[in-house]
Structure formats: structure tokens, C-alpha cells
Amino acid sequence: ALRYAGRDWELRVYADAGALPDAHGGDVWLFALVGLLSTAMLAGFLLTLTGRARRVEAAVHERTAALQAEMREREGAEAALRESEQRFRNMADTAPAMLSVSEADGTCTFFSRGWYEFTGQTSTQALGFGWLDALYPDDRLPARDTLLASSAKAFAVDYRLQRIDGAYRWCIHAGRPRFDESGNF
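Every value quoted in this text rests on a predicted model; they were computed, and no experiment measured them. (Residues numbered from 1 in each chain as written. Predicted model: local features only at pLDDT ≥ 70, side-chain atom pairs only at ≥ 80, totals over all residues. Heavy atoms only, no water.)

## Details of the overall build of the protein
Basically, it comes down to this: Helix numbers and strand numbers start at the N terminus; a helix is a DSSP run of H or I with at least 4 residues, a strand a run of E with at least 2. Burial classification: accessible surface area is computed with a 1.4 Å probe over protein chains only, and a residue below 20% of its type maximum counts as buried, one above 50% as exposed, and the rest as partly exposed. Whether two residues are in contact is decided by their heavy atoms, any of which lying within 4.5 Å being enough. Where accessible areas are quoted, they stem from the Shrake-Rupley method and a 1.4 Å probe; at the residue level, only the protein chains shown are allowed to cover.
Broken down by element type, the protein carries 4 helices and 6 strands. When the helices and strands of the protein are read in sequence order from the N terminus, they spell out β-β-α-β-β-α-α-α-β-β. Counting only residues that meet the buried cut, the protein has 17% of its 185 residues in that class. Intrachain contacts of the protein at a sequence separation of at least 6 include 31% that bridge at least 24 residues. Put simply, the protein shows about 14100 Å² of open surface, and 57% of that area lies on carbon and sulfur atoms.

Rendered as C-alpha cells:
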């Protein structure tokens, strides 16, 4: 029996009695020699396959381990990012100011809780350029234009902001750009 791929294999050869060579003649030795050579060739072939299978199995195991390590690293980075975002939101929501985050095109993508409590707007109303609706009508275009013109530099603009009770109060909206490690806005 031969063990290959987790199984035992057995080679059996059957022949008709009339097909066997005469036991007294020289054909018996030839028949035995051919049988031995065939068995040796088959064994060599199976050993070659077994060696290749083991190499493939080792490569698969190695790549699987590398992928698992990469997945653990990615999960750790995602957890760190979530923690960082939570820390930022907590800091922004407890600051005694109204904080916002804008993108390069001027759309606002974040407002702190202070903005929503002061204006009464919801996130659906305020995000994008919806925050301009909380400004006094005459101040909306100048505030928007100042924000858009200052895409990569610090700015400050005064405007009247409507409180939740409908009264307007003067505010200073000051911004400072964020740059990535390559210096891109």
C-alpha cells in the first residue's frame, strides 16, 4: 500500500490464466521485469506528485498566514481610526464653540453639537451648504464667497446667525485649512 494525499493506495494487477506466460519459459522473467519497472515508474511519479503537493500546500499555508496578519493589521488600523474619530467628535461636541469641517469645494461635512443646539438645524439641513440658511439673508452670499475664496488659506468672516428662538446674533466664522503629509489641501 502507498500513502498519498491522506489516503492509502494499493495497486492490484489481474490477468486471465491464459494470458500469463508459460511458467517454464523465459517469458516469466521478462513479465516480472516489466512489472517491476512499471511499479518503480509509478512509485517515482507518485513521489514527484507528493513533493509538489507538499510545496503547494506549504506555499498556500504561508500566503494564508500573511493574509491573516494583514487582516489583523488592517483591523487594528480601522479600530484606531474609529477611536480617533470618536475622540475628535467628543472634543468638538464638548468645546464651548461651534465647530465645523469643510472640504476643498466648500461643502461642510461636520458640525459640532454646539451648532445644532444654537441654530436648531438638523444635520440634514446644515451639511453641504445648508448651514447658510441659518444666516441672515444679506450675509449669506458674502459668507459663502469668503469661504470659497479662501480654499487654501486662513480666513475670518462676520455674519449674523439665527438662534433657535429666531433671534440673530453676530458671529465670527474663522477657518484654517488642513493639509496632508504631502502638502495637499
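## Considerations on the pattern of salt bridges
Oppositely charged side chains can pair when the atoms bearing their charge come close. Stated formally: For salt bridges, the criterion is a side-chain nitrogen of Lys or Arg within 4 Å of an Asp or Glu carboxyl oxygen.
Applying the stated criterion across every chain yields a total of 6 salt bridges. Across the pair Glu 70 and Arg 74 runs a salt bridge, and its minimum N-O distance is 3.6 Å. With Glu 70 and Arg 74 both in helix α1 (residues 27-94) and 4 residues apart, the pair spans about one turn of that helix. What makes Glu 70 partly exposed here is its relative accessible area of 38%.

## Quick look at the side chain of Thr 119
The cut-off we apply is this: We define a polar contact as two N or O atoms separated by no more than 3.5 Å, with the added condition that, inside protein, one atom must be a possible hydrogen donor and the other a possible acceptor, whereas residues neighbouring each other in sequence contribute only through side-chain atom pairs.
As for its placement among the helices and strands, Thr 119 is situated in helix α2 (residues 113-119). In terms of polar contacts, Thr 119 uses its side chain to reach the backbone carbonyl oxygen of Trp 115, at 2.8 Å. A polar atom in the side chain of Thr 119 sits 3.1 Å from the backbone nitrogen of Gln 121. Residues in contact with Thr 119, not counting those within four places in the same chain, are Ala 134, Leu 161, Gln 162, Arg 163 and Ile 164.

## Examining the nonpolar core
Condition: As used in this record, nonpolar core signifies buried Ala, Val, Leu, Ile, Met, Phe, Trp, Tyr and Cys residues forming a set joined through side-chain atoms within 4.5 Å.
One finds Phe 111, Trp 115, Trp 131, Leu 135, Tyr 159 and Leu 161 to be the most contacted residues of the largest nonpolar core, which totals 15 residues. Elements that contribute at least two residues to this core include exactly β4 (108-111), α4 (137-149) and β5 (155-162). Ranked by the residues each element gives to this core, the list is headed by β5, at 4 residues. In this structure Tyr 159 touches Trp 115, Trp 131, Leu 135, Asp 139, Ala 143, Arg 169, Trp 170, Cys 171 and His 173, once residues within four positions along its chain are discounted.

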